[in-house]
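Observations on the three-dimensional arrangement
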Amino acid sequence: DAGITQSPRHKVTETGTPVTLRCHQTENHRYMYWYRQDPGHGLRLIHYSYGVKDTDKGEVSDGYSVSRSKTEDFLLTLESATSSQTSVYFCAISAGLAPGELFFGEGSRLTVL
Amino acid sequence: EDQVTQSPEALRLQEGESSSLNCSYTVSGLRGLFWYRQDPGKGPEFLFTLYSAGEEKEKERLKATLTKKESFLHITAPKPEDSATYLCAVHETSGSRLTFGEGTQLTVNP
């Protein structure tokens, strides 16, 4: 168990409202990631962080921002949610020997009406 | 552009019926290929890392193999608890991110 907690696990919101998803880890790993998973697309990287206040964009970053003010917390914010952002969001940490050995959280299911 | 294609999309097996899942990829240079298992409503769980053609990894009833263009996940005498979606991902030498396939949904009937 890599000690990753995502919150909320489920959220329903309306178009245009802001939404923040939180990822908390207990093991001080440097790299943290936010992915979204959609049918027909697989897992796609939104943003990642390689340290406190060090973040970078992934392949589907438009409409999303992130912040990491503490090692243990990585926040994903949708400033103005749209229906296309309805998805399951996964946080992951890199805790293995290789960069691709990720440990994922349980996911946050977001529905934007 | 990196591409990862998994086949079949879905596979139904009877308990004890061995089979293989395929992950084909096109990258300019492979840094690593990774297999994950995902149960419904859960996050993916890391299974294996493969680095170079000819490499094999085993865990219980699963064996992953790698060639220059594809990887196979062989499932020997599967049990119902092996039912899950299996994902593969590749990490290119010149890139910093993983590219995931869409997965194969495996169902093993008792």
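Whatever comes next refers back to the structure up there.
In what follows, the accompanying structure is described. (Residues numbered from 1 in each chain as written. Chains lettered and ligands numbered in written order. Predicted model: local features only at pLDDT ≥ 70, side-chain atom pairs only at ≥ 80, totals over all residues. Heavy atoms only, no water.)

1. Re the sheet that holds strand 8 (residues 73–78) of chain A
Residues and elements named next belong to chain A. Applied cut-off: We treat two strands as partners when DSSP finds at least two bridges between them. Helix and strand labels come from DSSP, where a helix needs a run of H or I of at least four residues and a strand needs a run of E of at least two; each type is numbered from the N terminus. Helix axes are fitted only over the stretch in contact, all axes being lines through C-alpha atoms; the angle between N-to-C directions runs from 0 to 180 degrees.
With antiparallel pairing, the four strands of this open sheet are ordered in space as 1-3-8-7. Lying at the two open borders of the sheet, with one neighbouring strand each, are strand 1 (4–7) and strand 7 (64–70). In this sheet, neighbouring strand axes are inclined to one another by 20 degrees on average, regardless of whether the strands run parallel or antiparallel.

2. Thoughts on the environment of glutamine 37 of chain A
What counts, and what does not: Nitrogen and oxygen atoms within 3.5 Å of one another constitute a polar contact, given that in protein one can donate a hydrogen and the other can accept it, and given that sequence-neighbouring residues count only through two side-chain atoms.
Note that glutamine 37 of chain A resides in strand 4 (residues 32–38). The sequence separation of glutamine 37 of chain A and valine 88 of chain A amounts to 51 residues, and the corresponding C-alpha distance is 5.4 Å. A polar contact is formed between the side chain of glutamine 37 of chain A and the side chain of glutamine 38 of chain B, at a distance of 2.9 Å.

3. Describing the state of the cysteines
Note the following rule: The disulfide criterion used throughout: a pair of cysteine sulfur atoms within 2.5 Å. Summary of the burial criterion: residues with accessible area below 20% of their type's maximum are buried, those above 50% are exposed, and those between are partly exposed, where the area comes from a 1.4 Å probe applied to protein chains only.
Considering all chains together, one arrives at two disulfides over all chains under this definition. Covalent S-S linkage joins cysteine 23 of chain A and cysteine 91 of chain A, the inter-sulfur distance amounting to 1.9 Å. On the sign convention where negative is left-handed, the bridge of cysteine 23 of chain A and cysteine 91 of chain A, at about -70 degrees about the S-S bond, is left-handed. Highlighted residues: cysteine 23 of chain A in strand 3 (residues 19–25) and cysteine 91 of chain A in strand 9 (residues 87–94), separated in sequence by 68 residues. Relative accessible area serves as the criterion here: at 0%, cysteine 23 of chain A is assigned to the buried category. Disulfide pairing is shown between cysteine 23 of chain B and cysteine 88 of chain B; the S-S distance is 1.9 Å.

4. Considering the interface of chain A and chain B
For clarity, the cut-off: By the convention used here, residues are in contact when the closest approach between their heavy atoms is within 4.5 Å. Once two parts are brought into contact, the accessible area they lose, counted with a 1.4 Å probe and summed over both, makes up the buried area. What counts as a salt bridge is simple: a side-chain nitrogen of Lys or Arg found within 4 Å of a carboxyl oxygen of Asp or Glu. Amino acid classes used here: Ala, Val, Leu, Ile, Met, Phe, Trp, Tyr, Cys and Pro are nonpolar; Asp, Glu, Lys and Arg are charged; the rest, including Gly, are polar.
Residue-level contacts link 19 residues of chain A with 19 residues of chain B. Both sides of the chain A and chain B interface together cover about 1500 Å² of buried area, and 55% of this is carbon and sulfur. Viewed at the interface, chain B and chain A are joined by one salt bridge. Across the pair lysine 42 of chain B and glutamate 106 of chain A runs a salt bridge whose closest N-O atoms are separated by 3.3 Å. The interface formed by chain A and chain B contains five residue pairs in polar contact (both at pLDDT 80 or more). When contributions to the side of chain A that touches chain B are tallied by element, the ones reaching two or more residues are strand 4, strand 5 (42–51) and strand 10 (102–104) of chain A. Of the residues forming the side of chain A that touches chain B, the biggest block, four residues, is contributed by strand 5 of chain A. For the side of chain A that touches chain B, a count of residues per class yields nine nonpolar, six polar and four charged.

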